[in-house]
Amino acid sequence: MTRKHMLVLGMMSGTSADGIDVALARISGAPPNLNAKLLGHTSVKFPVALRKEILRVAEQHPITAGALSQLNFCLGELFANAALVACRKFRVSPRRISLIGSHGQTIFHQGEPANFLGRPTASTLQIGEPATIAARTGITTIGDFRPADIALGGQGAPLVPYVDYLLYRHKKFGRVSLNLGGIANITVLPRAAEPQQVLAFDTGPANMLVDALVSHFTHGRLRFDKNASLASRGRILPALLDDLLRDAYLRIAPPKSTGREYYGHVYLKKLFIVGRRYRAKPNDLIRAATIFTALSVVDALNRFVTPKTKIHQLIVSGGGAHNPLILAQLSAALPGIEVLPSSRLGIPEDAKEAFAFALLAYETFHQRPSNLPSATGARGPVILGKISYAPPR
Ligand SMILES: Nc1ncnc2c1ncn2[C@@H]1O[C@H](COP(=O)(O)OP(=O)(O)O)[C@@H](O)[C@H]1O
Ligand SMILES: [Mg+2]
């Protein structure tokens, strides 16, 4: 008997490196008639020392090849453990799960070719060894989704737009899907869009700046600004905000992607300098970074999207969707656009990206391409990822 559907786990750790999000999906069919239902989601935190090391490495501090290799396998164990923890929580035996899609942890991403030993080179590195995940869970695991797109001249990012297209494309509404992870990225889906009309790019920072400020000012006691409670106590300093909005990244035309390389510790230093210039207190600066996050998204929409495309709805996911100040600011600055948390359309804010990698793995398993060249800049469609098979039972 052929099974009609597959149970697939998707796993993701984003640039915030706050932990591993796991989503369980039941998927059947093929695009355009692909059915995907989210059955459950959970999140497993990284041990503190490991998170520190990930952030250190992702900020391009030196690491030996040996330590990097160890980190890759050690993270593989943690991803495998997260998958097993999730199975227990969902009360599903791992034996019933056909496939895992694991994004891994990005520690380097250079989507645009840059000079390396005299050669223009683009590259990307996600770690969390898929072979370890397959061996420990007994579930065939697809990982390393990004390199195939880079190899075909693309930026290797963003990959979620393919899933946004499947989930959110609407006959009557122009929609933008916004994910607020460490970095903010949007997928623009014009009304009744064809795949080649989908535009997607990173708009700038999301939680990365606020997280870094909060952790700095509280000496690591707090990791993020829960429900914007610190930012809400800060003053609004319009001149400081204007200064931030002159950010060079915002002016670059899409396709474009960014990360910790730009909005990491180097940018944080710049924030402190700007903060001093306007005599900002810690909470003032946290407020400015929070509002800047929302306004950099608004800036991207006004500059590159709404002049050409009518947008009715903005669907927000990622941890930043829980920040009330960001959501309020988005609504206020985007009259005529309905701002909706993704849970309103059935996908919890914290499950969206992990769910997406379950779908991407399902597509790869069926040997279908799942990059969108219009989003990544690749020369054409390509099947993403590498397969680590489960050991025979
Ligand atoms: N209740 C909340 N209030 C404010 N911010 C939140 C809340 N919950 C999560 N966040 C933010 O979301 C971030 C995690 O978002 P996530 O989508 O996991 O990002 P990434 O994909 O980069 O890992 C946290 O670091 C925090 O800044
Ligand atoms: Mg996360």
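Every chain is numbered independently, its residues counted from 1 as its sequence is written. Labels are handed out in written order, letters beginning with A for the chains and numbers beginning with 1 for the ligands. Selection of residues for local features in this predicted model requires a pLDDT of at least 70, selection of side-chain atom pairs for listing and counting requires 80 or more, and totals for whole chains, interfaces and linings are taken over all residues. Each side-chain value is derived from all of the structure's non-hydrogen atoms; neither hydrogens nor water enter the calculation.

(A) The arrangement of the overall build of the protein chain in detail. On a plain count of helices and strands, the protein chain comes out with 14 helices and 12 strands. For the radius of gyration, the atoms used are the C-alpha atoms, and the globule rule reads 2.2 Å times the number of residues raised to 0.38. Against the globule reference of 21 Å for 393 residues, the protein chain gives a C-alpha radius of gyration of 20 Å, in line with a compact fold. Considering only C-alpha atoms, the protein chain reaches an extent of 65 × 50 × 50 Å along its principal axes. Between buried and exposed lies partly exposed: a residue is buried under 20% and exposed over 50% of the maximum accessible area for its type, with that area taken using a 1.4 Å probe on protein chains only. For the protein chain, with 393 residues in total, the buried portion stands at 55%. In this analysis, two residues are considered to be in contact whenever any of their non-hydrogen atoms come within 4.5 Å of each other. Within the protein chain, residue pairs in contact and separated by at least 24 positions form 70% of the contacts whose partners lie at least 6 positions apart. Surface accessibility in these figures is a Shrake-Rupley result with a 1.4 Å probe; residues are shielded only by whichever protein chains are displayed. For the protein chain, the computed accessible surface area is about 17,400 Å², with 55% contributed by carbon and sulfur atoms. Runs of H or I in DSSP of at least four residues are treated as helices and runs of E of at least two as strands, each being numbered from the N terminus.

(B) Structural view of the sheet that holds strand S11 (residues 338–341). Judged by pairing direction, the sheet is mixed, and its five strands sit side by side in the order S9-S8-S7-S10-S11 without closing on themselves. One side of each edge strand has no neighbouring strand; the edge strands of this open sheet are strand S9 (199–205) and S11. With direction set aside, neighbouring strand axes in the sheet form an average angle of 20 degrees. In this scheme, strands are said to pair when DSSP sees at least two bridges between them. Relative to strand S10 (residues 313–317), strand S7 (residues 175–180) is paired through five bridges, and the arrangement is parallel. Counted as the bridge partner of serine 177 is isoleucine 315 from S10. Comment: axis = line fitted to C-alpha atoms, over the contacting stretch for helices; angle = value between 0 and 180 degrees taken between N-to-C directions.

(C) Inspection of the packing of aromatic side chains at higher detail. In summary, the pairing rule links any two rings of Phe, Tyr or Trp, Trp by its six-membered ring, whose centres are within 6.5 Å, and it sorts them by plane angle into stacked for under 30 degrees, edge-to-face for over 60 and tilted for everything else. Under the definition given, this model contains eight aromatic pairs. On the numbers, 5.9 Å between centres and 90 degrees between planes, the contact of phenylalanine 201 with phenylalanine 304 is edge-to-face. With a gap of 103 residues between them, phenylalanine 201 in strand S9 and phenylalanine 304 in helix H11 (residues 282–305) connect regions that are remote in the sequence. The burial state of phenylalanine 201 is the same as that of phenylalanine 304; both residues are buried.

(D) Geometry of the environment of serine 43. Within the secondary structure layout, serine 43 lies in strand S3 (residues 35–45). What makes serine 43 partly exposed here is its relative accessible area of 36%. Taking the C-alpha atoms as reference points, serine 43 and glycine 19, separated by 24 residues in sequence, lie 6.7 Å from one another. Not counting the four nearest positions on each side in its chain, serine 43 is found in contact with Ile20 and Asp21.

(E) Summary view of the pattern of salt bridges. Each salt bridge in this description consists of a side-chain nitrogen of Lys or Arg and a carboxyl oxygen of Asp or Glu lying within 4 Å of one another. All told, the structure shown has 10 salt bridges when counted by the stated rule. With its nearest N and O atoms 3.6 Å apart, the salt bridge here joins lysine 386 to aspartate 144. You can see lysine 386 sitting in strand S12 (residues 386–388) and its partner aspartate 144 sitting in the loop between strand S6 (141–143) and helix H4 (147–151), a full 242 residues away along the chain. Of the charged contacts in the structure, one is a salt bridge between aspartate 243 and arginine 277, with a shortest N-O distance of 2.8 Å.

(F) Main features of the side chain of serine 102. Considering the arrangement of structural elements, one finds serine 102 in strand S4 (residues 99–116). Here serine 102 is in contact with Met11, Phe79, Ile133, Thr141, Ile142, Gly143, Asp144 and Phe145, once residues within four sequence places are set aside.

(G) Summary view of the layout of surface pockets. Of the two site types, the cavity is a set of points on a 1 Å grid over the protein atoms alone where a 1.4 Å probe fits but cannot get out, and the pocket is an open set with protein on both sides within 12 Å along at least five of seven lines, each lined by residues with an atom within 4 Å of a point. Grid points are joined across faces, edges and corners, and a volume is the space filled by probe spheres set on the points. There is about 720 Å³ of room inside the second largest pocket. Residue lining of the second largest pocket: 26 residues in total, with Arg51, Lys52, Leu55, Ser215 and Arg223 positioned closest to the centre. Split into classes, the residues belonging to the lining of the second largest pocket amount to nine nonpolar, seven polar and 10 charged. Here the term charged refers only to Asp, Glu, Lys and Arg, the term nonpolar to Ala, Val, Leu, Ile, Met, Phe, Trp, Tyr, Cys and Pro, and the term polar to all other amino acids, Gly among them.

(H) Structural view of the packing of helix H7 (residues 238–245) against H11. Between H7 and H11, the least distance of the axes is 10 Å, while the angle of their chain directions is 45 degrees. Looking at the two axes, H7 sits oblique to H11. When the axes of H7 and H11 are compared, the crossing they make is right-handed. Residues Leu240, Leu241, Leu244 and Leu245 of H7 lie in contact with H11, whose contacting residues are Leu285, Ala288, Ile291, Phe292, Leu295 and Ser296. The class makeup of the residues in the contact of H7 with H11 is nine nonpolar, one polar and no charged. Throughout this description, any angle smaller than 35 degrees is read as roughly parallel, any larger than 145 degrees as roughly antiparallel, any in the 65 to 115 degree range as roughly perpendicular, and the remainder as oblique. In this scheme the handedness of a crossing depends on how the near helix is turned from the far one: anticlockwise by less than a right angle means left-handed, clockwise means right-handed.

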